Amino acid sequence: MSAFSRFTPLARSLPATVPFVGPEAIERQRNAILTARIGANESGFGPAPSVIEAMTAALSGIWKYNDPENFDLKQALAGHLGVRPDNLAIGEGIDGLLGQIVRLVVEPGMPVVTSLGGYPTFNFHVAGHGGRLVTVPYDGSDRENLEGLLEAVRREDAPLVYLANPDNPMGSWWDAGSIVQFAKALPETTLLVLDEAYGETAPASTLPDLTSLIDRPNVIRTRTFSKAYGLAGARVGYAISTPGTAAAFDKIRNHFGMNRVGTAAAEAALKDQAYLQSVVARIAASRATIADIAGRAGLRALPSATNFVAIDCGRDAAFARAIVDGLMDEAGVFIRMPGAAPLNRCIRVSAGPEVEMQAFADALPRVLDRLSRA
């Protein structure tokens, strides 16, 4: 296959890959329609009716670019969080913000510290900007290894470290005190990306109070409307930091990257906290259902503070992959698995509506029975 001859050497060296294969691509590859879409960590419960109304009302203005300053959304977020608007940067989901952060910090050859098996989109951006990934295995409790990450940062003099709390892909978490201690132990020349995408579904003791880190220019906390708020397709995320660090995004971001319907949805979602709390309760109930299904099948669900549950299959990655493929072949149930050993002994199931949980519950024993006889 021919390609343009003057791509940069870096671009030519990168593999032709994407961080995730989407469920739509899986449907095309397998020529099968999904019966349960519980692998992408979306919210199958959807956004609030009030949010749908706000999006519908905004559609007539879609011919206009979104406000490039994201003024109204910043004001709404600042009021909701108890911070100043200039503490915030708005972006196209956390994935878009991660790309901008890497662009701001990383030059070719620079070391970047993250967890082995951690969120692959971050790695994708680092590779795309020529950074050198330095990975630290998870600890024995399937949590990100804070001491190991700190040691790697110091050893490598790394300008950037990524930490997700709660964690993706394992659903594990650290308490707020441990996170603050980790952040304060970092060199001032190391920027911490503290990814809090699943903060709404975590125990109250998980997220540090915003005031505890808001004055540290080397800490950026990223959050999203893609998970508990049910707006993954709208692509709205935000970063919280000092005014100086937050303003740096304006130097390199796509100022017309946000869309009017998505920002209207996010503003409406913030106003409907009662709906958010109802979804958080449904996610918790769904996590319990997933754990029960796994237990009855002889598998072990790991504790989770997210909108998904990692299930220890008790064997190796090949066995976990066989379960993932078997669920798709058997019943069109889409789930995923972590990508790196030893985490890839697990499968990962997103919280979802009862009908999708039932599809998973019905298909899993059949798949395991077939694998036991193979």
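A brief look at the structure comes next.

1. Here we look at the pattern of salt bridges
Part 1 of the argument: Following the criterion strictly, the structure yields 19 salt bridges and no others.
Part 2 of the argument: A salt bridge links R132 to E156; its shortest N-O distance comes to 3.0 Å. Of the two residues, R132 is situated in strand β4 (residues 132-136) and E156 in helix α7 (residues 146-156); the sequence distance between them amounts to 24 residues.
Part 3 of the argument: Residue classification places R132 among the partly exposed residues on the basis of a relative accessible area of 39%.
Part 4 of the argument: Note that E156 and R155 form a salt bridge whose closest N and O atoms lie 3.4 Å from each other.
Part 5 of the argument: Within the structure, one salt-bridge network assembled from shared partners comprises R30, R321, D325 and D329.

2. Observations concerning the sheet that holds strand β10 (residues 308-312)
In sheet architecture, strand pairing relies on hydrogen bonds along the backbone and comes in two forms, parallel and antiparallel.
Part 1 of the argument: In spatial order, the strands read β9-β10-β12; together these three strands make up an open sheet with antiparallel pairing. Unpaired on one side and paired on the other, β9 (300-301) and β12 (346-350) mark the two borders of the sheet.
Part 2 of the argument: As defined by bridge partners, β9 adjoins β10 across two bridges and the pair is classed as antiparallel. Bridge pairing links A301 to I311 in β10.
Part 3 of the argument: Across the sheet, helix α11 (residues 273-296) is in contact with β9, β10 and β12; its angle to β10 comes to roughly 15 degrees.

3. Concerning the side chain of E144
Part 1 of the argument: Mapping E144 onto the fold places it in the loop between β4 and α7.
Part 2 of the argument: R143 provides the closest opposite charge to the buried, salt-bridge-free E144, at an N-O distance of 10 Å.
Part 3 of the argument: Not counting chain neighbours up to four residues away, the residues in contact with E144 comprise S115, Y138, D139, L149, Y162, L163, A164, D167 and W174.

4. Some details on unusual backbone geometry
Part 1 of the argument: Residue P166 is reached from N165 by a cis peptide bond, and omega for that bond is 0 degrees.
Part 2 of the argument: Structurally, P166 can be placed in the loop between β5 (160-164) and α8 (176-185).
Part 3 of the argument: Following A341, the chain continues to P342 via a peptide bond in cis, the omega torsion being -5 degrees.
Part 4 of the argument: Topologically, P342 is positioned in the loop between β11 (333-334) and β12.

5. Overview of the packing of α11 against helix α13 (residues 354-373)
Part 1 of the argument: Two elements in contact, α11 and α13, have axes separated by 10 Å at closest approach and are oriented at 10 degrees. Here α11 is positioned roughly parallel relative to α13, judged by the angle of their axes. Residue-level inspection shows S286, T289, I290 and I293 of α11 in contact with α13, the latter providing M357, F360, A361 and L364.
Part 2 of the argument: Considered class by class, the residues forming the contact of α11 with α13 number six nonpolar, two polar and no charged.

6. Overview of the nonpolar core
Part 1 of the argument: Ranked by size, the top nonpolar core spans 31 residues in total, and within it L77, L81, L88, F225 and Y238 carry the most contacts.
Part 2 of the argument: Where this core is concerned, the elements lending two or more residues are α4 (71-81), β2 (88-91), β8 (237-240), α10 (260-271) and α11.
Part 3 of the argument: With residues near it in sequence (within four places) discarded, L88 still touches K74, L77, A78, L81, V83, Y238, A239, I240 and A246.
Part 4 of the argument: Judged by nonpolar contacts, the second largest core, of 28 residues, contains A294, V333, M357 and L368.

7. Description of the packing of helix α5 (residues 93-105) against helix α6 (residues 120-128)
Part 1 of the argument: Two elements in contact, α5 and α6, have axes whose closest approach is 9 Å; the angle formed by their N-to-C orientations is 35 degrees. Note that α5 runs across α6; the crossing there is right-handed. Between α5 and α6, the residues in contact are D95, L98, G99 and V102 and T121, F122, H125 and V126, respectively.
Part 2 of the argument: Of the residues assigned to the contact of α5 with α6, the class counts are four nonpolar, three polar and one charged.

8. Things to note about the sheet that holds strand β7 (residues 219-224)
Part 1 of the argument: Sheet architecture is open: seven strands sit in the order β2-β8-β7-β6-β5-β3-β4, paired in mixed fashion. If you trace the sheet from one side to the other, it starts and ends with β2 and β4, each paired once. Between one strand axis and the next, the sheet turns by 20 degrees as a mean value, whatever way the strands run.
Part 2 of the argument: Contacting β2, β7 and β8, α4 runs over the sheet at an angle of about 125 degrees to β2.
Part 3 of the argument: The strands touched by α7 are β3 (111-115), β4 and β5; relative to β4, the strand with the most contacts, the crossing angle is about 145 degrees.

Definitions and limits used
- Throughout this description, residue numbers start from 1 for each chain and increase along the sequence as written.
- Local features in this predicted model are restricted to residues of pLDDT 70 or higher, and side-chain atom pairs are both shown and tallied only at a pLDDT of 80 or more, whereas totals for entire chains, interfaces and linings draw on every residue.
- Based on all heavy atoms of the structure, the side-chain values leave hydrogens and waters out of the count.
- One side-chain nitrogen of Lys or Arg within 4 Å of one carboxyl oxygen of Asp or Glu is enough to make a salt bridge.
- Only DSSP runs of H or I with at least four residues qualify as helices, and only runs of E with at least two residues qualify as strands; both kinds are numbered from the N terminus onward.
- Classification of residues uses two cut-offs on accessible area relative to the type maximum, computed with a 1.4 Å probe and protein chains only: under 20% is buried, over 50% is exposed, and between them is partly exposed.
- Between any two strands, at least two bridges found by DSSP are needed for them to pair.
- In what follows, a contact means two residues having at least one pair of non-hydrogen atoms within 4.5 Å.
- What counts as an axis is a line fitted to C-alpha atoms, over the stretch in contact for a helix, and the angles between N-to-C directions run from 0 to 180 degrees.
- Positive: Lys, Arg. Negative: Asp, Glu. His and the chain ends are not part of the count.
- Should an angle fall under 35 degrees it is taken as roughly parallel, and over 145 as roughly antiparallel, whereas 65 to 115 is taken as roughly perpendicular and any remaining angle as oblique.
- Gly falls in the polar group here, along with every residue not listed as nonpolar (Ala, Val, Leu, Ile, Met, Phe, Trp, Tyr, Cys, Pro) or charged (Asp, Glu, Lys, Arg).
- To define a nonpolar core, start from buried Ala, Val, Leu, Ile, Met, Phe, Trp, Tyr and Cys residues and group those joined through side-chain atoms within 4.5 Å.
- If you view the pair so one helix is near and one far, a crossing is left-handed when the near helix is turned anticlockwise from the far one by less than a right angle, and right-handed when it is turned clockwise.

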